[in-house]
Amino acid sequence: MEAAVQRVELALSRGEEILILGDYDVDGISSTSLLLLALRSFNARVSYLIPERTQDGYGLNSHTASRIAELKPALVITVDCGITSIDGAAILTSNGIDLVITDHHEPGDSLPDALAVINPALPGHGYPFRELAGVGVAMNLAMALAQRLGAQLPALYDLVALGTIADVMPLKGVNRIFAKLGLELMNGGARPGITALKRVADYEGKTVGAGTIGFQLAPRVNAAGRLGKGDICVRLLTTESHDEAMKIAAYLDQQNRRRQEIEEGILKEARSEVLSKYRGDSWGAYVLASSRWHQGVIGIVASRLVEEFYRPTVLISINNGMGKGSARSIPAFHLFDGLHECRSSLEEMGGHKYAAGLRIREDRIEEFRQNLNTVALQRLKPEDFIPTIKIDTAMEAEELTFELLAELQLLGPFGAANPEPVFCLHEVRAVNPRIVGKNHLKLMLQRDKNSFEAIGFKMGELAKPLSGREGREIAAAFTLQENSWNGRRSLQVHIRDIRLPGTESGI
């Protein structure tokens, strides 16, 4: 950090051009936007570059480094990328360009040649919190610069919260502070880009929580980088114009709808392949590949397959004999470590415990499939492949009150490593179960004189069996939330799982 701050301070005093290189996902976009705004507040000469996923590839690779060398900045600062960019760093150095790397991904066996490398995943650094997002690392650099310059930073915590939550970083330690302060800023409505995103997501006037970011705001920011150019999202998050923000947000909303259509097509194909080729206990991990799949969407599809089949999953998009893959995992399998054991099959790889990316030759995919499967079966026990829901406590119906909800909200913001408390009600009756929206289950839960609205997202398949047993007692695992409609407040139960009478599965 000291070396990085000194070099940026020198660039400021000399009026040198600084270029920020970011990733095209939400964390990278947030990181780029944050550092751009911070450096502008210090009157820096600063520009940024977000590589295109299909044209440029990820991070500071040789292609992108050559592009930057032509621009001739004095200093390049990477955010959310760069920790494994040996070749790209060498190109910048050979062209007389200083490099500062800020990243949070796992380092490789050796580090790039850079003036400074800031990453909490490096061994022996002494920083007390390892699990920052890329935007959290960028925020630390911005704070260190402000301290050195005796300057005041603009309000940036909303950007830190956006990237941290979207990248599914654990909401504990300093991340919890970042998320809490950032959500307060988001709900204050100060940033035009965030306000515009809320509006197109039909969240205007509603309270933004971690779930809102994960399921509503972040997918729209991600859509541009997945299907086209992500740099438009930096404009969204840094503009002071509400009109410009709305135009960009409307475009991102359209891109997100297109992304959903592409995603459903790939999911249908991939799911069919899993069901036909990979069932049984002999498979501890899935590796699926196709030349028909859009590389910008395969990471989302991998996540959905992990949710359904509960296996580490890699999807690979093949083009001209080369595959680019996105991998997602389950809690018991450290994805980066597992891929590292298969590195002889790969051209490149990077990532962390739950998510990773890779590049592989098409003729090595089958070898990689077998190797990763062997590693997964060696590391995982049979019980690791069974998804579980941890129930914090059983409740009585009369205990579910607004007072309880207010106390629970003090524990937020909820997310990775700080999940919402999950409760259980036994001996409740399901009343009027039905499907609403896109395969969501809606019903009333009744116990004695108490009744609660309940919804189970993507659980519409339970409507029919519940209808056939209406009035009979069930057990339900759920989280407790508030529903507001037309000025009316009510408690709403968000179903996590249901055990039907006479069945062994579930609670």
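Described below are features of the structure shown in this document. (Residues numbered from 1 in each chain as written. Predicted model: local features only at pLDDT ≥ 70, side-chain atom pairs only at ≥ 80, totals over all residues. Heavy atoms only, no water.)

Now for the overall build of the chain. A tally of regular secondary structure across the chain gives 16 helices and 16 strands. Expected size for 507 residues packed as a compact globule is a radius of gyration near 23 Å; at 24 Å, the chain falls within 12% of this value. Summarising its shape, the C-alpha atoms of the chain cover approximately 75 × 55 × 40 Å along the three principal directions. When burial is assessed residue by residue, the chain has 53% of its 507 residues classed as buried. Summarising the internal contacts of the chain: among those between residues at least 6 apart in sequence, 64% fall at separations of at least 24. Within the structure as shown, the chain displays about 23,000 Å² of accessible surface, and the carbon and sulfur contribution to it stands at 48%. (Helix = DSSP H or I, 4+ residues; strand = E, 2+ residues; numbered from the N terminus. Rg over C-alpha atoms; globule rule 2.2 N^0.38 Å. Buried < 20%, exposed > 50% of the residue type's maximum accessible area, 1.4 Å probe, protein only. Contact = heavy atoms within 4.5 Å. Areas by Shrake-Rupley, 256 points an atom, 1.4 Å probe, with all protein chains shown as cover.)

Now for the sheet that holds strand β10 (residues 355–361). Here five strands make up an open sheet; going across it, the order is β6-β7-β8-β10-β9 and the pairing mixed. Both edges of this open sheet fall to β6 (286–290) and β9 (348–351), since each of them pairs with a single strand only. Strand-to-strand twist across the sheet, computed as the mean angle between neighbouring axes with direction ignored, equals 15°. With seven bridges connecting them, strand β8 (residues 322–328) and β10 associate as antiparallel partners. Paired with Ala327 across the two strands is Ala356, which belongs to β10. (Pairing = 2+ DSSP bridges. Axes fitted to C-alpha atoms, helices over the stretch in contact; angles between N-to-C directions.)

Before going further, it helps to spend a moment on the packing of helix α6 (residues 157–166) against helix α7 (residues 173–188). To describe two helices that pack against each other, one gives the angle between their axes and the distance between the axes. It is the contact of α6 with α7, at a shortest axis distance of 7 Å, that shows an interaxial angle of 120°. Here α7 runs oblique to α6, going by the angle between their axes. By crossing handedness, the relation of α6 to α7 is classed as left-handed. Contact residues: α6 offers Tyr157, Asp158, Val160, Ala161, Leu162, Thr164 and Ile165, while α7 offers Asn175, Phe178, Ala179, Leu181, Gly182, Leu183, Leu185 and Met186. (Parallel < 35°, antiparallel > 145°, perpendicular 65-115°, else oblique. Left-handed = near helix turned anticlockwise from the far one by under 90°.)

Across the sheet, five strands lie side by side as β2-β1-β3-β4-β5; this open sheet has parallel pairing. Among the strands making up the open sheet, the edge pair consists of β2 (45–49) and β5 (116–118). Ignoring strand direction, the axes of neighbouring strands in this sheet form an average angle of 20°. Alignment of strand β4 (residues 98–102) against β5, held across three bridges, turns out to be parallel. Across the sheet, Ile101 pairs through a bridge with Val117, a residue of β5.

According to the stated counting rule, one finds six aromatic pairs in the structure shown. The ring of Tyr203 has Lys206 lying over it, and the distance from NZ or CZ to the ring centre is 5.1 Å. (Phe/Tyr/Trp six-rings, centres within 6.5 Å; stacked < 30°, edge-to-face > 60°. Lys NZ or Arg CZ within 6 Å of the ring centre and 35° of its normal.)

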